[in-house]
Structures are given as C-alpha cells and as structure tokens.
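Descriptive structure summary
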Amino acid sequence: MSNITTTLWPIEPHTQAKHEILRRYLQAWLPIMSRYNGRILYIDGFAGPGEYSKGEPGSPVIAINTAKEHKLKLNAEILFLFIEAREDRCNHLKEILRPIDVPDNMKYNVECSKFDESLTSQFNYLDEQKKRIAPTFAFIDPFGYSDTPFPIIKRIMKNKKCEVLITFMSGFLNRFKSDPHKEEALDLLFDTREWRGIVFDSDSDEKSEKKIVRFYQNRLESCAEYVRTFEMKNKFNQPIYHLIFCTHSIEGLKKMKYAMWKVDETGRFSFSDRTDPNQTVLFKREPDYRQLKKLIVDKFKGKEVPIEEIEEFVVVETAFRETHFRKQILKPMEEVNPPEIRVVKSERKRKGGYPKGTIIRF
Ligand SMILES: C[S@@+](CC[C@H](N)C(=O)[O-])C[C@H]1O[C@@H](n2cnc3c(N)ncnc32)[C@H](O)[C@@H]1O
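The paragraphs below set out a description of the structure included in this document. (Residues numbered from 1 in each chain as written. Predicted model: local features only at pLDDT ≥ 70, side-chain atom pairs only at ≥ 80, totals over all residues. Heavy atoms only, no water.)

Topic: the overall build of the protein chain
Scanning the protein chain from terminus to terminus reveals 13 helices and 12 strands. The C-alpha radius of gyration computed for the protein chain amounts to 22 Å, which stays within 12% of the reference 21 Å derived for 362 residues, consistent with globular compactness. Along the longest, intermediate and shortest principal axes, the C-alpha atoms of the protein chain span 70 × 55 × 45 Å. Burial status across the protein chain gives 51% buried among its 362 residues. For the protein chain, the share of sequence-separated contacts (at least 6 apart) that also reach a separation of at least 24 residues comes to 68%. (Helix = DSSP H or I, 4+ residues; strand = E, 2+ residues; numbered from the N terminus. Rg over C-alpha atoms; globule rule 2.2 N^0.38 Å. Buried < 20%, exposed > 50% of the residue type's maximum accessible area, 1.4 Å probe, protein only. Contact = heavy atoms within 4.5 Å.)

Below, the structure is given as structure tokens:
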C-alpha cells in the first residue's frame, strides 16, 4: 500500500467502507458540534489527491459534501484543513475542490506540507497566543506509521472537544517491527521505548499484531476518555489495518458505533472490544444478541443495577450499541418463565419499557 507512487490510485473496498464510516460519523458530528460551538474544525491530516483513479471521491470531497449537503442547517463556522505532503497530490486536490461551491459559513484550506510539521507549528502559534484549538475532528489516514508521532495526537486530544480517527497500519507495522532502521519511528509513534518488551514478549501467546494494537490503544487511552478500535479486513478476511477512534465524549462514541454498525452489509469488517481485542464481532446483518446477553449476564449476575449502568457497560465495554439491549435482551429475559431478571423499580408506563431510573435485578 505504501509504495504507491502515482498521483492517483485505484480505490479498494475497505477504503470505501472507511469513507462510509467517515461520512456517517460526520453527518452525526457536524450538527451536534455546530449547535454548541461558534466555530469547528475538520482536519484531514493525510488528505490525498481528492479522488481515486476512476473518479471516486477522496476523503476531503466527502467531508465537504457531507457538510454542504447536510439536511440540517449548520450554523457554526466550519473550517476544513486539508494537509497533503506530496505536491502533485496537493495540486490535484486543489483542482478537485475548486469547482465545489461552499456556503459562506464554510471555508477550506489545502496545505502542501507534512501533517506533523503543520500541526506542530499551528499548536505552537496557538500556545504563544494563549489560545486553544477549536473543537476538532481530525482524520489521520497515513499509508504507513512513520508520520504520526504520538505527541501530536496527545496535543490534539488535550482539548476535551477534540476527537481523532486514526488509520493504524497494524499489519504493515507488524512486518517491520524488527527492522532496526524503523526503531526510531516506532519510538515516536508510541512516544516510549517500552514497545520493545511488549511486542516481542515471547511468553505471551497473543499474536504480535494484536499486541501492537493493544499497546497503541493503551497509549491512546492515556489521553482520551474512550478509545474504540475497529479492525478492517480484506476480502480474504485478513486484517489490513485498524481504525482507531478517540474521544472524550460518550455521545461521540455512540455516534461512531452507529456509523460502524451501518457499514454492515458484507461481513468483511469486524470490530473488536476495547478491552479484549480477541472478542471480535463479525459484521452480519443482525448483531449476535446471544453474545451480548452473555456479556451482560456475566457482568451483572446477582446484582441490582440501574439501567443507565447497563447502557454504559454496553456502549463503553462491548462492541454493541445502546440500541441493542433493551428490547432484544432485557425484555425477553423479563418475559420468560421463570423470569431471568426482575424490575425492582421503574416509572415505566408499559411492560417491556426500561426508562431512566429503572433498576433491574439480575
Ligand atoms: C492513505 S492516503 C490518504 C487518502 C485520503 N485520506 C482518502 O481517504 O481519500 C495518504 C496520503 O498521505 C500523503 N502523505 C504521506 N506522508 C504525509 C505526511 N507526512 N503528511 C501529510 N500527508 C502525507 C500521501 O501522499 C497520501 O496522499
């Protein structure tokens, strides 16, 4: 993947899936953020040329069109910053964007530079001015792993209203981890030298690619409240990269999970649990509710639990969504004879409803 030399290249199905996730997430993120903030920023740190070899739109076009064509009125000023290191791709992107009319409240800038250098100088400027970065969604989509140093991710995530979606080239990285020339890049990627002991730990049975992902996830968890990893597989069901989403907002996490579950059609994509990358759910047309029931029962057996706590567990600790457990799991558990759960307190109007304040005994 990283040895592409031409300005444009053919799009692959997993890239289209990634774009679909991006589009759906932005559809949700834009109105929420523009309701509460005067100005919001979208950064595409590895923007590419703006199209693929058969004219399919690249991520900058997808982002602008999603904002432009949004059915809700977006009142905030929306700034798009597209960073692309290669001059030919950068120029191509400018040409692709030129004919697109953007509304007055939207502006974009194409910067022909390196992601890390560009953001570092912008953060230094903001620091000098004692200002903070506007609420930001940063899409960080490199070919490799050498140009996304951890300190810059940390700097973005320092603002509680900032989020990042990173393409983490786990398979690629796994192949090169023992190359001594790459050590420095890995030190920067993780911002620690500790990866050596963990990634090469021969006492552990876990596959080394999984260990790398888990290690990176742990690093990201040091600067983000919620980190969610999605494994992208090719048509041979081989993992190619991981999409990693970092946010401080549980609403953001819910919306991203919604976007991921929508990319559900082919069965080629999976996403793994934050705490256990081995707990992988293959995308099917239907979620595997038996698996979710087991997770819920294992967690809460013998306890009295507020509905809010169950929801938080489902959203934060499992691959499933907040829409997956009331009707599909709690209701049948309550209705079976003998019941598997009992509602001990609730202001519900009808049986099978579990509004806020409901307490359930497992
Ligand atoms: C995977 S492609 C991006 C695809 C694009 N995000 C999309 O979805 O349509 C990665 C791009 O990053 C560019 N690139 C490589 N190193 C870079 C760096 N340090 N900073 C910014 N862009 C870089 C490459 O030239 C390439 O166009």
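Focus on the site of the ligand
If you check the shell around the ligand, you find 19 residues, and the closest are His19, Tyr52, Glu84, Arg89 and Asp141. Between the ligand and Phe46, the relevant distance is 2.9 Å, taken from a nitrogen atom to a main-chain nitrogen or oxygen of the residue. Measuring from a nitrogen atom of the ligand, one finds a side-chain N or O atom of Ser59 at 2.9 Å. Out of a free accessible area of 600 Å², the ligand has 93% covered by protein chains. Considering only residue class, the shell around the ligand consists of 8 nonpolar, 6 polar and 5 charged. (Near = heavy atom within 4 Å. Polar contact = N/O pair within 3.5 Å; in protein donor to acceptor, adjacent residues only side chain to side chain. Areas by Shrake-Rupley, 256 points an atom, 1.4 Å probe, with all protein chains shown as cover. Nonpolar A, V, L, I, M, F, W, Y, C, P; charged D, E, K, R; others polar.)

By themselves, these figures tell us nothing about what the structure is for.
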